[in-house]
Amino acid sequence: MEKEHHYTTSLTWTGNKGEGTANYKAYDRDHVIEVGGKPAIPGSSDPSFRGSPQRYNPEELFVSSLSSCHMLWYLHLCSVNNIVVTAYRDEAKGIMMEKADGSGYFKEVTLYPIVTLTDSTRIDRARELHHEANKLCFIANSCNFPIRHEPGFRTD
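Okay, so let's go over this structure.

Rules used throughout
Residues numbered from 1 in each chain as written. Predicted model: local features only at pLDDT ≥ 70, side-chain atom pairs only at ≥ 80, totals over all residues. Heavy atoms only, no water. Phe/Tyr/Trp six-rings, centres within 6.5 Å; stacked < 30°, edge-to-face > 60°. Helix = DSSP H or I, 4+ residues; strand = E, 2+ residues; numbered from the N terminus. Buried < 20%, exposed > 50% of the residue type's maximum accessible area, 1.4 Å probe, protein only. 1 Å grid on protein atoms, 1.4 Å probe; cavity = no way out; pocket = protein on both sides within 12 Å on 5 of 7 lines; lining within 4 Å. Points joined across faces, edges and corners; volume = space filled by probe spheres on them. Nonpolar A, V, L, I, M, F, W, Y, C, P; charged D, E, K, R; others polar. Expected span 1.5 Å × (residues − 1). Pairing = 2+ DSSP bridges. Contact = heavy atoms within 4.5 Å.

A look at the packing of aromatic side chains
Then comes step 1: Scanning the model with the defined rule gives six aromatic pairs in all.
Then comes step 2: Relative to Phe-138, the ring of Trp-73 lies with its centre 5.8 Å away and its plane at 80°, an arrangement referred to as edge-to-face. Remark: Phe-138 occurs in the loop between α2 (123-136) and β8 (147-149) and Trp-73 occurs in helix α1 (residues 58-80); sequence separation between them is 65 residues.
Then comes step 3: Classification of Trp-73 by relative accessible area gives partly exposed; the value is 22%.
Then comes step 4: A ring pair is formed by Tyr-74 and Tyr-88, whose centres lie 5.9 Å apart and whose planes are at 45°; its orientation type is tilted.

Shown next as structure tokens:
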């Protein structure tokens, strides 16, 4: 049986410099993303599209969503498989293609997690669990492009 979940976010454009969208250069792409009582996320477009480099852009947030969803499933799978993880860090990278008309799409995302385990004899199984986590990740299941994994392992 499927269970439905609902998510609500608020987005407020803060980039009106007095003229609104009178022309392409008349406004900033700055905005604020909020979710009920949580810290606000300062957003903008990618600097390639006249955005602020000091703010998060949708593409970065998308890649980070894939990375965090994968990590959460992975840690769950490790815990139920008696694999003790003491540290996890990922440097995820996404490739987006921009078409001539300005539209675009993600071509692929690669996750590069470095996982620290307490038991080096469990590395093979820990590696396999990355594939299982990918199959379970809600965000990965919503994508129409490959999500690759190149994990590294350490032990305490």
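Some thoughts on the layout of surface pockets
Then comes step 1: Considered as a void within the structure, the largest pocket measures approximately 330 Å³ in volume.
Then comes step 2: Taken together, His-5, Tyr-7, Thr-8, Thr-9, Val-35, Lys-38, Phe-138, Ile-139 and Ser-142 make up the full set of residues lining the largest pocket.
Then comes step 3: Partitioning the lining of the largest pocket into residue classes produces four nonpolar, four polar and one charged.

Topic: α1
Then comes step 1: With 23 residues, α1 should reach 33 Å at 1.5 Å per residue; the first-to-last C-alpha distance of 33 Å fits that figure.
Then comes step 2: By the burial criterion, the buried members of α1 are Val-63, Leu-66, Ser-67, Cys-69, His-70, Tyr-74, Leu-77 and Cys-78.
Then comes step 3: At the C-terminal side of α1, Asn-82 shows a positive phi close to 55°.

Considering the pairing of strand β5 (residues 93-98)
Then comes step 1: Strand direction decides the pairing type here: β5 and strand β6 (residues 104-111), joined by six bridges, are antiparallel. Looking at the pairing, Met-96 lines up with Phe-106 of β6.
Then comes step 2: Hairpin connection, β5 to β6: the antiparallel pair is bridged by five residues, and Gly-102 has positive phi, about 95°.

With respect to the environment of Leu-111
Then comes step 1: Of note, Leu-111 is situated in strand β6.
Then comes step 2: A residue is classified by how much of its surface remains accessible, and Leu-111, at 1% relative accessible area, is buried.
Then comes step 3: For the pair Leu-111 and Arg-89, spaced 22 residues apart in the sequence, the C-alpha separation amounts to 10.0 Å.
Then comes step 4: What Leu-111 contacts, discounting residues up to four positions off in sequence, is Leu-66, Ser-67, His-70, Asp-90, Ala-92, Ile-147, Arg-148, His-149 and Glu-150.

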